[in-house]
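In case you want the letters, here they are:
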Amino acid sequence: MRRYLRIVVLCLACGFCSLLYAFSQLAVSLEEGAGGGGGKPQAAAASWLAGGGRGGARGVGSVRPAAHSGRSDRYGLNVQPIQRIHLAVVACGERLEETVTMLKSAIIFSIRPLQFHIFAEDQLHDSFKGILDSWSFLQTFNYSLYPITFPSENAVEWKKLFKPCASQRLFLPLILKEVDSLLYVDTDILFLRPVDDIWSLLKKFNSTQIAAMAPEHEEPRIGWYNRFARHPYYGKTGVNSGVMLMNMTRMRRKYFKNDMTTVRLRWGDILMPLLKKYKLNITWGDQDLLNIIFFHNPESLFVFPCQWNYRPDHCIYGSNCQEAEEEGIFILHGNRGVYHDDKQPAFRAIYEALRNCSFKDNNIRSLLKPLELELQKTVHTYCGKIYKIFIKQLTKSIQDRYDRPPKER
């Protein structure tokens, strides 16, 4: 009798262990399945948002399976995760179309998957979500939508600084705490080569550099900062913050030299004192504050060439960006509203070509000939006279991405 009882107990124990194993396997599969979706928003509330602020992602779009963390496959080989490129933009007012066109240009040429961080006014969220969700068939990007958020005690002052919401970029290291590195761009940016290429400049940072920007001007005779600024600025002509590559982990850790106290201040502590001291002397808002910070901390800035942030100033009075003349424009920056008027038709032609382009390979390939014809109509302007630099890199990007066999890309 005891023998039978032992057998029954043993069978029950084996059954219980089998049941535990089945549940553990089910849990693992569910966890991996969850990892294949959009994941949690890449946002964490800054300290000044903790008390009921409006931080964090309002909506998260998942239009590509997120990469799993490093793990071993069934044959024991280590599978490395695909690192995403994090791209941030701030959109307010009538900037929806510009922002969508910028995102489209990033998607068309990029190789690695993209993670978009879109900070926008509440009334724009549904429009962004509708458009980006309609691109879900691409399976090349994820996106997160965030409300515009400033420190509560000075929110109105920050929001009205320079252009509506522009100073939001200053607080990205404090809001996106889980993001290590980030590329911030203005809404009027167009990528003419893969985002991967500017992202690779992070590897060129030395141990002290935390961010990268292009000079505001190449020609001091037409420079703004060196002629008119009433505050410190970086280098000979200042820097332009429309394209800003950041190692935000380093930015959060660094203690910055400043002209307000002998004590070095961290990023979250230096912004408001800077605004209070210089608000009557700055013209370009947050860009001026960045110039002041890097004037006192020049060792922390990596300066990339003008072809990575090509603006009308580089050709409106004659060509003054030598790198673009040699290799073409890598990133086009249509500030001064040139995408929407007739003052610089070469810029507008590029914008309209990408705005109207679909994601079909044949459509992208056929973009160049009509675009060149439009650019040839702009030779009456200084920028139009050098129109070939507008399509030099664009042509190469299209050939590399869409004309070569997949194995050669």
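Everything here concerns the structure above.
The rules we used
- Residues numbered from 1 in each chain as written.
- Predicted model: local features only at pLDDT ≥ 70, side-chain atom pairs only at ≥ 80, totals over all residues.
- Heavy atoms only, no water.
- Helix = DSSP H or I, 4+ residues; strand = E, 2+ residues; numbered from the N terminus.
- Buried < 20%, exposed > 50% of the residue type's maximum accessible area, 1.4 Å probe, protein only.
- Contact = heavy atoms within 4.5 Å.
- Salt bridge = Lys/Arg side-chain N within 4 Å of Asp/Glu carboxyl O.

Caption draft 1: Structural context of the overall build of the protein. Looking only at helices and strands, the protein features 16 helices and 14 strands. Within the protein, buried positions represent 50% of all 409 residues. When contacts within the protein are restricted to residue pairs at least 6 apart in sequence, long-range pairs at least 24 apart make up 72% of them.

Caption draft 2: Seen up close, the pattern of salt bridges. Taken as a whole and assessed by the stated rule, the structure comprises 16 salt bridges. The closest approach of N and O atoms between aspartate 259 and lysine 277, which form a salt bridge, is 3.5 Å. Of this pair, aspartate 259 sits in the loop between strand S11 (255–256) and strand S12 (265–266) while lysine 277 sits in helix H9 (residues 267–278), placing them 18 residues apart in sequence. Aspartate 259 gets classed as partly exposed once you look at its relative accessible area, which sits at 28%. Residue class for lysine 277 comes out partly exposed when judged on its relative accessible area of 40%.

Caption draft 3: How the structure looks around unusual backbone geometry. One non-glycine residue, glutamine 139, lies in positive phi territory at about 55°. With respect to the secondary-structure elements, glutamine 139 resides in the loop between helix H3 (125–133) and strand S6 (141–147). A positive phi angle, near 65°, is found at arginine 336, a position not held by glycine. Position of arginine 336 among the secondary structure elements: in the loop between strand S14 (331–333) and helix H12 (345–356).

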